[in-house]
Amino acid sequence: VKLINPMQGAQNDTLFNAEALTGVIDFDAYWNRKEIILTEFTITNGSANIYTDSLERTNYDIMVPDTTALAASEPMGNIDLKNIELDNFNVTYNDEALKFSTTAKGLMAQLTGTLINDNFNSQLEIAQSTVWLEYEGEKYLQGAAVEMDMPSEYTISKLLINFKNASASVNGLPFKVN
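Quick notes on the rules
- Residues numbered from 1 in each chain as written.
- Predicted model: local features only at pLDDT ≥ 70, side-chain atom pairs only at ≥ 80, totals over all residues.
- Heavy atoms only, no water.
- Helix = DSSP H or I, 4+ residues; strand = E, 2+ residues; numbered from the N terminus.
- Buried < 20%, exposed > 50% of the residue type's maximum accessible area, 1.4 Å probe, protein only.
- Contact = heavy atoms within 4.5 Å.
- Areas by Shrake-Rupley, 256 points an atom, 1.4 Å probe, with all protein chains shown as cover.
- Lys, Arg positive; Asp, Glu negative; His and termini not counted.
- Charge placed at Lys NZ, Arg CZ, Asp CG, Glu CD.
- Salt bridge = Lys/Arg side-chain N within 4 Å of Asp/Glu carboxyl O.
- Pairing = 2+ DSSP bridges.
- Phe/Tyr/Trp six-rings, centres within 6.5 Å; stacked < 30°, edge-to-face > 60°.
- Lys NZ or Arg CZ within 6 Å of the ring centre and 35° of its normal.
- 1 Å grid on protein atoms, 1.4 Å probe; cavity = no way out; pocket = protein on both sides within 12 Å on 5 of 7 lines; lining within 4 Å.
- Points joined across faces, edges and corners; volume = space filled by probe spheres on them.
- Nonpolar A, V, L, I, M, F, W, Y, C, P; charged D, E, K, R; others polar.

K.L.:
Could you clarify how one ought to interpret the overall build of the protein chain in this entry?
P.N.:
Across its full length, the protein chain holds one helix and ten strands. Oriented by its inertia axes, the alpha-carbon framework of the protein chain measures out at about 50 × 40 × 35 Å. Taken across its 178 residues, the protein chain has 28% of its residues classed as buried. The contacts of the protein chain with a sequence gap of at least 6 include a subset with a gap of at least 24, amounting to 52%. Total accessible area on the protein chain stands at roughly 11700 Å², and carbon and sulfur atoms take up 55% of it. With 11 positive and 24 negative side-chain charges, the protein chain shows a spacing of 2 Å between the two charge centroids.

K.L.:
For this particular structure, what's the right way to read the pattern of salt bridges?
P.N.:
Opposite charge on two side chains allows them to pair when their charged atoms are near. Under the definition given, this model contains four salt bridges. Taking the shortest distance from any N to any O, the salt bridge between Glu35 and Arg33 comes out at 3.3 Å. Since its relative accessible area comes to 42%, Arg33 is described here as partly exposed. Linking Arg57 and Asp53 is a salt bridge whose minimum nitrogen-to-oxygen distance equals 2.7 Å. Residue Arg57 is classed as partly exposed on the basis of its relative accessible area of 49%. Residue Asp53 is classed as buried on the basis of its relative accessible area, which comes to 7%.

K.L.:
I would appreciate a short explanation of the pairing of strand 9 (residues 166-170) in the present structure.
P.N.:
Successive side chains on a regular strand alternate, one facing one side of the sheet and the next facing the other. Pairing between strand 7 (residues 138-155) and strand 9: four bridges, direction antiparallel. Along strand 9, the bridge assignment pairs Met148 with Ala168. Sheet analysis places strand 9 next to strand 10 (residues 173-177), joined by five bridges and oriented antiparallel. Across the sheet, Val170 pairs through a bridge with Leu173, a residue of strand 10. Here strand 9 folds back onto strand 10 in antiparallel fashion, the turn holding two residues, of which Asn171 has a positive phi close to 50°.

K.L.:
Teacher, can you tell me more about the packing of aromatic side chains here?
P.N.:
For any pair of aromatic rings, the description rests on two quantities: the centre-to-centre distance and the angle between the ring planes. Scanning the model with the defined rule gives three aromatic pairs in all. Between the aromatic rings of Tyr93 and Phe100, the centroid separation amounts to 5.9 Å while the plane-to-plane angle is 50°, which identifies the pairing as tilted. Take Phe100: its relative accessible area is 24%, and that puts it in the partly exposed class. Here the guanidinium or amino end of Lys34 rests over the ring plane of Tyr30, the centre of that ring lying 5.5 Å away. Above the face of the Trp132 ring, Lys105 is positioned so that its terminal group lies 5.4 Å from the ring centre.

K.L.:
Would you take a moment to explain the side chain of Ser122 for this structure?
P.N.:
Topologically, Ser122 is positioned in strand 6 (residues 119-135). With near-sequence residues (within four places) excluded, Ser122 lies in contact with Leu111, Thr112, Gly113, Met150, Pro151 and Ser152.

K.L.:
Quick question: what am I supposed to make of the layout of surface pockets here?
P.N.:
In this approach the atoms are scanned with a rolling probe the size of a water molecule, which exposes any empty space left behind. There is about 430 Å³ of room inside the largest pocket. Lining of the largest pocket is provided by 18 residues; of these, Ile50, Phe89, Val91, Ala104 and Leu107 occupy positions nearest its centre. For the lining of the largest pocket, the elements supplying multiple residues, two or more each, are strand 2 (14-25), strand 3 (36-52), strand 4 (79-95), strand 5 (100-116), strand 6 and strand 7. Considering only residue class, the lining of the largest pocket consists of 16 nonpolar, two polar and no charged.

K.L.:
So what exactly am I meant to see when it comes to the environment of Gly46 here?
P.N.:
Structurally, Gly46 is set in strand 3. Spatially, the C-alpha atom of Gly46 lies 15 Å from that of Thr130, the residues being 84 residues apart in sequence.

K.L.:
For this particular structure, what's the right way to read unusual backbone geometry?
P.N.:
Note: most residues except glycine have negative phi, and most peptide bonds are trans. Residues other than glycine seldom take positive phi values, yet Lys99 does so here, at roughly 55°. Assignment of secondary structure puts Lys99 in the loop between strand 4 and strand 5. A residue is classified by how much of its surface remains accessible, and Lys99, at 55% relative accessible area, is exposed. Positive phi values are uncommon outside glycine, yet Asn171 reaches one of about 50°.

Here is the structure:
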């Protein structure tokens, strides 16, 4: 699977690439109750190259704008994500407007989560990743080994994330967020 979107200044013309992409979705739940139930989704040997230029134009804005008037629609149903997995995934994010860039290589991660009304509860586990991080020309991480376990509650309307007993390590140095 490959999604190409060339953009001048971007680190690569490939926005997304994966050797294998597998998933199981409950279509009955979507058609009958407007719920998204994804019980398995795995990206194997993949990569994403995300870019924002100095004028805040992005390479991931790939949808054609809808200029038709929107009719009132039913609210989206619940979302249930189980066993979302990245297996050897590389991601690069370069934001010239914010003067921020990061790269994660060899990412092995698993996500579960549920969205009910305005609340998204999730569990993100990163078993391994090698990370580079730079902000305004200052290099904060250079090939750092990063692991984390991040249970969280996100209230969308308040833009509030509450971490519950989250833990991480950078180059073996542990820390906790609560």
